[in-house]
Amino acid sequence: MHRPKKKGAVALGMMKIRRKHFFQFMTILYFIIVFCMCITRFNIIMTLIGCPLTRIDAVNMIPFHSIRENLKYGHSPVSWDMLYNLVMFVPFGIVYCYYQKAFSIYKAIGLSFLTKAIGLSFLTTFSIEAAQFILKTGVVDIDDLIVNSIGSLVGVFFYIALQKILQWKQIW
C-alpha cells in the first residue's frame, strides 16, 4: 500500500534542496571572487572600464619575511594583507568539509582528513601563486601559501564547531 507523503515532509525536502542549491551557488561565487581578487587583481574589470592594469612581478621565497620586515620597522607583525589572506581562505575549509560525502566530526579531527584539507588548500594557493607569476598580476609569496593553508584549517575547525553546536541543539 502506497502512503502519500505529508505536506510537512515535502516542504522540508524542498527546503533542503534549496539550501543545497544556495550553498552550491555560493561556492561558485566564492571561487569566482577568489579568482578575480587573486589572479586577475580585477584587471578584467579595469580593462572594461579603461583603467591602467596592475603589473607586479616580485617573488618572495623567504618564509615569514613580511613578519620580520614589519617587526624591523616597528609595525604590527601581522599585516592587513596576511589577515586578508587568512580570512579569504576560511570559506575554503568550510566548503571542503561541506562537500565531503560522509562528513564525520571524529573523522574530520583525524590527521588524514586535515592533511587532505590543508594539501588541497596548499595546491589551490600554489596554483594561484603560479598564475600570478605567469600573468605578473601579484607578488608570489611563500607566506601566502602558509597563511592561506592556516585559513583553510581555521575553516575546517569552524565547520567542526558548527556541527558540534548543531548536534548539541538537536539533543535539546
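Provided above is the structure to which this section pertains.
Here we summarise the structure given alongside this text. (Residues numbered from 1 in each chain as written. Predicted model: local features only at pLDDT ≥ 70, side-chain atom pairs only at ≥ 80, totals over all residues. Heavy atoms only, no water.)

**A few points about helix 4 (residues 80-98)**
Taking 1.5 Å of rise per residue, the 19 residues of helix 4 would be expected to cover 27 Å, and the 28 Å separating its terminal C-alpha atoms lies within 8% of that figure. Buried within helix 4 we find M82, N85, M88, F89, V90, F92, G93, I94, V95, Y96 and C97. (Helix = DSSP H or I, 4+ residues; strand = E, 2+ residues; numbered from the N terminus. Expected span 1.5 Å × (residues − 1). Buried < 20%, exposed > 50% of the residue type's maximum accessible area, 1.4 Å probe, protein only.)

**Quick word on the packing of aromatic side chains**
For the structure on display, the rule yields six aromatic pairs. Centroid distance F23 to Y98: 3.8 Å. Interplanar angle 40°. Geometry classified as tilted. Of this pair, F23 sits in helix 1 (residues 7-40) while Y98 sits in helix 4, and the two are 75 residues apart along the sequence. Looking at F23, the relative accessible area reads 22%, which means it is partly exposed. Plain terms: the ring middles of F89 and F92 are 5.6 Å apart, the flat faces sit at 35° to each other, and that makes the pair tilted. Here the residue F89 and the residue F92 both occupy positions in helix 4, the gap between them amounting to three residues, near one helical turn. (Phe/Tyr/Trp six-rings, centres within 6.5 Å; stacked < 30°, edge-to-face > 60°.)

**Thoughts on the nonpolar core**
The biggest cluster of nonpolar side chains holds ten residues, and these are V90, I94, Y96, C97, F113, L114, A117, V156, Y159 and I160. Of the residues forming this core, the biggest block, four residues, is contributed by helix 4. Those residues within four positions of V90 in sequence are excluded, and the remaining contacts are G151, S152, V154 and G155. Counting nine residues, the second largest nonpolar core, distinct from the first, contains Y30, C38, F89 and A131. (Core = buried A, V, L, I, M, F, W, Y, C linked by side-chain atoms within 4.5 Å. Contact = heavy atoms within 4.5 Å.)

**Points about unusual backbone geometry**
Although it is not a glycine, F64 sits at a positive phi angle of roughly 60°. By secondary structure assignment, the location of F64 is in the loop between strand 1 (59-60) and helix 3 (65-72). Here F64 falls in the partly exposed class, since its relative accessible area comes to 40%.

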